[in-house]
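Fold and contact review
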Amino acid sequence: MIAPPPPPVIHQIKQITTAAPLVVTLSHRAATFGLTMNAKAAGCNRDHPLKMVVSVDKKQLMTVRLKSSKTRALSADRPLKPGRHKVRISLSGGRRRCARATVDELRLKLTLVPGATPPGPKRFIPLATAFTSSPAERVGASGDLFRTSFDGLTPENAMKMTYVETARGTYHFETPDAIVDYGRALGKSVHGHPLVWHTQLPGWVLRGKWSRGDLEAVMHEWINTMVTHYKGRVSEWDVINEPLSDDGTLRPSIWAQVIGPDYIPLAFKWAHEADPTAKLYLNEYDAELPGKKHDALVALVTKLRKADVPIDGVGIQGHWNLQAPPINEADLRAAVRDFVKAGMLIQFTELDVVTDGSALQQITQADEFAKAARVCQSTTACTRFTVWGLDDNMSWRGVGSAATLFDRSYTPKPAFIAVRAALDAG
Ligand code: G3I
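Residues numbered from 1 in each chain as written. Predicted model: local features only at pLDDT ≥ 70, side-chain atom pairs only at ≥ 80, totals over all residues. Heavy atoms only, no water.

Describing helix α6 (residues 212-230)
If you check α6, its first and last C-alpha atoms are 27 Å apart, about what 19 residues at 1.5 Å a residue would give, namely 27 Å. Within the span of α6, buried status applies to Leu 215, Glu 216, Val 218, Met 219, Trp 222, Ile 223, Met 226, Val 227 and Tyr 230. Viewed along the axis of α6, the buried residues span an arc of 160°, placing them on a single side of the element. Positive phi appears at Gly 232, one or two residues downstream of α6, with a value of about 90°. (Helix = DSSP H or I, 4+ residues; strand = E, 2+ residues; numbered from the N terminus. Expected span 1.5 Å × (residues − 1). Buried < 20%, exposed > 50% of the residue type's maximum accessible area, 1.4 Å probe, protein only. Arc of directions from axis to C-beta.)

Regarding the site of the ligand
What surrounds the ligand is a group of 14 residues, the closest being Glu 156, Lys 160, His 193, Glu 242 and Glu 350. Side-chain polar atom of His 193 to an oxygen atom of the ligand: 2.7 Å apart, as the coordinates give it. Between the ligand and the protein, one listed contact pairs a nitrogen atom with a side-chain N or O atom of Gln 317 at 3.2 Å. Within the complex, the protein chains bury 49% of what would otherwise be the 780 Å² of accessible surface of the ligand. Looking at the shell around the ligand residue by residue, the classes come out as four nonpolar, six polar and four charged. (Near = heavy atom within 4 Å. Polar contact = N/O pair within 3.5 Å; in protein donor to acceptor, adjacent residues only side chain to side chain. Areas by Shrake-Rupley, 256 points an atom, 1.4 Å probe, with all protein chains shown as cover. Nonpolar A, V, L, I, M, F, W, Y, C, P; charged D, E, K, R; others polar.)

Some details on unusual backbone geometry
Here the bond from His 193 into Pro 194 is cis, since omega is -25°, no more than 30 degrees from zero. By the element assignment, Pro 194 lies in the loop between β13 (189-192) and α5 (203-206). Located in the positive-phi region is Asp 57, a residue other than glycine, with phi close to 50°. Among the secondary structure elements, Asp 57 is positioned in the loop between β4 (50-56) and β5 (59-66).

Things to note about the nonpolar core
In terms of nonpolar packing, the biggest core is built from 92 residues, with Trp 237, Trp 255, Phe 348 and Phe 385 touching the most fellow members. Ignoring sequence-local partners within four residues, the contact set of Phe 348 consists of Ile 316, Leu 332, Val 336, Ala 372, Val 375, Cys 376, Cys 382, Arg 384, Phe 385 and Thr 386. Core analysis: the second largest hydrophobic core is formed by 17 residues, Cys 44, Leu 61, Val 64 and Cys 98 among them. (Core = buried A, V, L, I, M, F, W, Y, C linked by side-chain atoms within 4.5 Å. Contact = heavy atoms within 4.5 Å.)

Examining the side chain of Ser 55
Position of Ser 55 among the secondary structure elements: in strand β4. Discounting chain neighbours no more than four positions away, the residues touching Ser 55 are Gln 60, Leu 61, Lys 86, Val 87 and Arg 88.

Focus: a positive patch on the surface
A cluster of basic residues, Arg 46, Lys 51, Arg 65, Lys 67, Lys 70 and Arg 72, forms a positive patch at the surface. Inspection of the secondary structure puts Arg 65 in strand β5. The class of Arg 65 is partly exposed, set by a relative accessible area of 45%. (Patch = residues over 30% accessible without salt bridge, like charges linked within 9 Å, V, L, I, M, F, W, Y side chains within 5 Å. Salt bridge = Lys/Arg side-chain N within 4 Å of Asp/Glu carboxyl O. Lys, Arg positive; Asp, Glu negative; His and termini not counted. Charge placed at Lys NZ, Arg CZ, Asp CG, Glu CD.)

Focus on the state of the cysteines
Working definition of a disulfide: a covalent bond connecting the sulfur atoms of two cysteines. A complete count under the given rule lists one disulfide for this structure. The side chain of Cys 376 participates in a disulfide bridge whose partner is Cys 382; the two sulfur atoms lie 2.0 Å from each other. Taking the sign of the S-S torsion, about -90° here, the bridge from Cys 376 to Cys 382 comes out left-handed. The exposure class of Cys 382 is buried, given its relative accessible area of 2%. (Disulfide = S-S within 2.5 Å.)

With respect to the pattern of salt bridges
Applying the stated rule across the entire model yields 16 salt bridges. A salt bridge links Asp 262 to Arg 212; the nearest nitrogen and oxygen atoms lie 3.7 Å apart. Here the residue Asp 262 occupies a position in the loop between α7 (254-258) and α8 (263-274), and Arg 212 occupies one in helix α6, the gap between them amounting to 50 residues. Here Lys 293 and Asp 246 are joined by a salt bridge, their closest N and O atoms 3.6 Å apart. Taken together, the residues span a long stretch of sequence, with Lys 293 in helix α9 (residues 292-306) and Asp 246 in the loop between β14 (236-241) and α7 at a distance of 47 residues. Given the relative accessible area of 56%, Asp 246 is considered exposed. Through salt bridges with shared partners, a single ionic network connects Asp 151, Arg 420 and Asp 424.

Structure follows, in structure tokens:
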């Protein structure tokens, strides 16, 4: 188990201006609020300093006069009662040219004062992201973003069968290995995705004239090779991805049509044999709200559990859209409860919320993300919270949808603050 990273870094907007103070609401059980930042005020000087005031719940924590573009490392601590607190960083003074401060590596630490009663084991819920390890993600500013703001990754496409087993028995591990090794070198955990899916399959599989036994052999070899190759580096897998049609019936994938419904227990069995320590998930979309698909998934995992199939949990993808009705948080909580009652762990595995790209919808978007994060935090069965795309440049929904937690300039949106606060509320 990779040790949880240091307290969350809320990697703030690169600039705070006199016109726009930064306000962050934190809720936590830790007993001290700590803050460190590197701040500089380009364009200011001793005659026209910029006054920065940091307050917590309207009480000043720190006042600083920034007089030059020289970076200053600042920090302060204050014991706080557990609960919700509002941190406000405002700027005043200066003159037009220097009405901005550049703040980066802003860390709002949540630590205990010496002697404080530990509030009990704090549950750490990794915040992870789909990752392609493209140059922009690895080297550019976003590379810093992944390192400082996420705890894990899921290879977005690199582990898909069409890209790895390009011919039967011929495997290309270079790209997925690079992503896995990059994440692990940063101390991040990796979620394997996906083993058995109805799409992104290589032509040799789709074009084959398979008997049941032959296709079972193909699936067995694929699963065994992948899980064995990543054993010790990948500790959890989406073994089955999207097995159900929208009406809750078994999706007529090649696997279902040739092997039959048994392809699902067989896949879990073979994954477990390859790595008995790995946590094995069934990952689905649109099954987290009331309806036929939800009921069918509950029935499926209940049946698998009863048959001692080595399935550990359900992945809730969460590809949401502000054009659809808002997620009913009570329904989401009830859906998660159904899966937990069936003996499942839970992960939110692919959260994104499509917007119209406007700033106004960023607030609504934050509400939607926060609903999922609150529901995850509310049950110890929820082990991970993954968003589908590091930032809006990387989103499969398209840049215009602004569907992720960070905008195109890698600036955190209200959704990131809301998710971080909800996951850390434990
Ligand atoms: O890499 C090729 C590029 O060389 C080529 O020029 C380009 C145009 O054809 O295609 C590129 O591959 C695309 C790949 O994404 C990488 O960008 C594929 O066409 C495209 O189909 C693929 O889409 C991915 C999709 O899964 C299908 O694999 C999305 O990025 C990815 O976000 C999406 O993720 C899925 C999850 O795996 C499962 N749950 C649903 C989710 C959304 O569909």
